[in-house]
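What follows is each chain in one-letter form.
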Amino acid sequence: MDEALAEFLRENLEGLTNMEADLSSLREKGKAVSDDDPELFGRLYRVMHTIAGTAGFLGFDKLGQLGASSELLIAAMKEGDF
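This one's a predicted model, so the numbers in the text were calculated from it and none came from an experiment.

Attention now goes to helix α2 (residues 38-58). Between the first and last C-alpha of α2 there are 30 Å, a value that for 21 residues agrees with the 30 Å anticipated at 1.5 Å per step. Its buried side turned inward, α2 meets α1 (2-28) and α3 (61-79). After α2 finishes, the residue G59 shows a positive phi value of roughly 85°.

Right, here's the structure in full:
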């Protein structure tokens, strides 16, 4: 399990770092939603989807639930519902 946890952390560190940069990009544009960059929302969604799925597989239920909730939030942002 320690090796699986280490791999989970390694794989997701890059995704979270990129996610931070994408969220900063949104903030710098001065708006919560950016219609001009749908790929950004795809990247954000994929990071959280990966975290949610892998966390669930590893038995980290609360982290998996947080990831799944984040997926819903990102989808709402993409649709302009947030």
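Now that the structure is up, let's keep going.
Next up on the list: the side chain of N12. Locating N12 in the fold gives a position in helix α1. Ignoring anything within four residues of it in the chain, the contact list for N12 reads T50 and I51.

Next up on the list: the packing of α2 against α3. At their nearest, the axes of α2 and α3 sit 7 Å apart, and the two run at 160° to each other. Taken as axis vectors, α2 and α3 run roughly antiparallel relative to one another. Considering the relative orientation of α2 and α3, their crossing is left-handed. Every residue of α3 that contacts α2 at F41, L44, Y45, M48, H49, I51, A52, A55 and G56 is listed here: L63, G64, G67, A68, S70, E71, I74, M77 and K78.

Each value, and the rule that gives it
Residues numbered from 1 in each chain as written. Predicted model: local features only at pLDDT ≥ 70, side-chain atom pairs only at ≥ 80, totals over all residues. Heavy atoms only, no water. Helix = DSSP H or I, 4+ residues; strand = E, 2+ residues; numbered from the N terminus. Expected span 1.5 Å × (residues − 1). Contact = heavy atoms within 4.5 Å. Axes fitted to C-alpha atoms, helices over the stretch in contact; angles between N-to-C directions. Parallel < 35°, antiparallel > 145°, perpendicular 65-115°, else oblique. Left-handed = near helix turned anticlockwise from the far one by under 90°.

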